[in-house]
Amino acid sequence: MNKTIMMSIGAALVLATSALPSFAVDGEDVFKKCRVCHSIEDGKMKVGPSLYGVVGRTPGTLTGYKYSASMIAFGETGAVWDAATLNTYLTKPRDLVTKTKMIFPGLNDEVTGEADRLAVIAYLDGLDD
Ligand code: HEC
């Protein structure tokens with residue numbers, strides 16, 4: 001392969017890479033995976049509890065929702081839904097709350113998982129500002 005061809009392949013690669021979308025993730029978009037089961041309206045329960053104001057809440061304590069014994073027990077350990085705890089839970093719910101009735105595998109895709117988790121946590125955190 002001659003040098004000119006090599007250089008134009010190089011230039012094409014640079015162009016192609018810069019045209020890729022950035023990996024900024026929209027938390028509201030990620031929440032589409034949650035909203036079959038969760039409302040963001042204050043006090044509105046679906047299959048799961050309302051997630052309005054969940055950041056800072058003690059697990060299993062929203063009045064009017066019937067939690068699993070496992071989730072209530074988790075809250076009684078003194079746990080709080082801060083960003084770190086939510087990040088762990090949303091990676092693989094059953095690893096943190098063994099018998100949770102939240103039937104969701106987790107946002108644990110190797111490539112996008114962490115960005116998705118952080119984005120949806122920031123989105124939830126912003127709801128009650
Ligand atoms: C298939 C239904 C379903 C999906 C999808 C789902 N959840 Fe849940 N979620 C539940 C249920 C049911 C509970 C109650 C768990 C329990 O009591 O063990 C719950 C509990 C929770 C809790 C604890 C709330 C509290 O008051 O202690 C958080 C936080 C949560 N879900 C976040 C999410 C997020 C964020 C997503 C999307 C990435 C999501 N869930 C997707 C059903 C679901």
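Residues numbered from 1 in each chain as written. Predicted model: local features only at pLDDT ≥ 70, side-chain atom pairs only at ≥ 80, totals over all residues. Heavy atoms only, no water.

### Focus on the coordination of the iron atom of the ligand
Each angle at a metal carrying four tetrahedral donors should ideally be 109.5 degrees, and each at a metal carrying six octahedral donors should ideally be 90 or 180 degrees.
Part 1: Those protein atoms acting as donors to the iron atom of the ligand are His38 (NE2) and Met102 (SD), and they sit at 1.9 to 2.1 Å.
Part 2: The coordination sphere of the iron atom of the ligand comprises six donor atoms, whose angles at the metal cover 85 to 179°; the geometry is octahedral. Placement of His38 in the loop between helix H2 (27-30) and helix H3 (69-76) and of Met102 in the loop between helix H5 (93-96) and helix H6 (113-126) is noted, with a sequence separation of 64 residues between them. Neither residue differs from the other here; His38 and Met102 are each classed as buried. (Donors = N, O, S within 2.8 Å, 3.2 Å for Na, K, Ca; no water. Tetrahedral: all angles 85-135°; square planar, octahedral: opposite > 155°, others 65-115°. Helix = DSSP H or I, 4+ residues; strand = E, 2+ residues; numbered from the N terminus. Buried < 20%, exposed > 50% of the residue type's maximum accessible area, 1.4 Å probe, protein only.)

### What about the packing of aromatic side chains?
Part 1: Tallying each qualifying case throughout the model produces four aromatic pairs.
Part 2: Consider the rings of Tyr65 and Tyr67, whose centres lie 4.7 Å apart with planes at 75°: the pair is edge-to-face.
Part 3: Residue Tyr65 is classed as buried on the basis of its relative accessible area of 16%.
Part 4: When its relative accessible area of 12% is taken as the criterion, Tyr67 is described as buried.
Part 5: Aromatic side chains Phe74 and Trp81 sit 5.7 Å apart centroid to centroid with 55° between the ring planes, which places their arrangement in the tilted category. In terms of burial, Phe74 and Trp81 fall into one category: buried. (Phe/Tyr/Trp six-rings, centres within 6.5 Å; stacked < 30°, edge-to-face > 60°.)

### A look at the pattern of salt bridges
Part 1: For the structure on display, the rule yields two salt bridges.
Part 2: Arg117 is paired through a salt bridge with Glu114; the nearest N and O atoms lie 3.9 Å apart. With Arg117 and Glu114 both in helix H6 and three residues apart, this pair spans about one turn of that helix.
Part 3: The class for Arg117 is buried, based on a relative accessible area of 9%. (Salt bridge = Lys/Arg side-chain N within 4 Å of Asp/Glu carboxyl O.)

### Some points on the site of the ligand
Part 1: Taken together, 26 residues form the shell around the ligand, and within it Cys34, Cys37, His38, Ser68 and Met102 come nearest.
Part 2: Note that an oxygen atom of the ligand is positioned 2.5 Å from one of the side-chain N or O atoms of Ser68.
Part 3: Here Trp81 contributes a side-chain N or O atom positioned 2.8 Å from an oxygen atom of the ligand.
Part 4: Of the residues forming the shell around the ligand, the biggest block, three residues, is contributed by helix H4 (residues 83-91).
Part 5: Taken together, the residues of the shell around the ligand break down into 18 nonpolar, five polar and three charged. (Near = heavy atom within 4 Å. Polar contact = N/O pair within 3.5 Å; in protein donor to acceptor, adjacent residues only side chain to side chain. Nonpolar A, V, L, I, M, F, W, Y, C, P; charged D, E, K, R; others polar.)

### Structural notes on the side chain of Arg117
Part 1: At 2.5 Å, the side chain of Arg117 and the side chain of Asn87 are in polar contact.
Part 2: At 3.0 Å, the side chain of Arg117 forms a polar contact with the side chain of Thr91.
Part 3: Other than its neighbours up to four places away in sequence, Arg117 contacts Asn87, Leu90, Thr91, Leu107 and Asn108. (Contact = heavy atoms within 4.5 Å.)

### Details of the nonpolar core
Part 1: The biggest cluster of nonpolar side chains holds 22 residues, and the ones touching the most others in it are Phe31, Met71, Trp81, Tyr89 and Val120.
Part 2: Those elements giving two or more residues to this core turn out to be H3, H4 and H6.
Part 3: With four residues, H6 is the single largest residue contributor to this core. (Core = buried A, V, L, I, M, F, W, Y, C linked by side-chain atoms within 4.5 Å.)

### Describing H3
Part 1: Turning to H3, its buried residues number three or more, namely Ser70, Met71, Phe74 and Gly75. Here the buried residues of H3 occupy an arc of 140° about the axis, which is enough to place them on one side. Pointing more than 90 degrees away from the buried face of H3 are the exposed residues Ala69 and Glu76.
Part 2: Looking at the buried positions of H3, the neighbouring elements they touch are H4 and H5.
Part 3: Gly78 lies just past H3 and shows a positive phi near 95°. (Arc of directions from axis to C-beta.)

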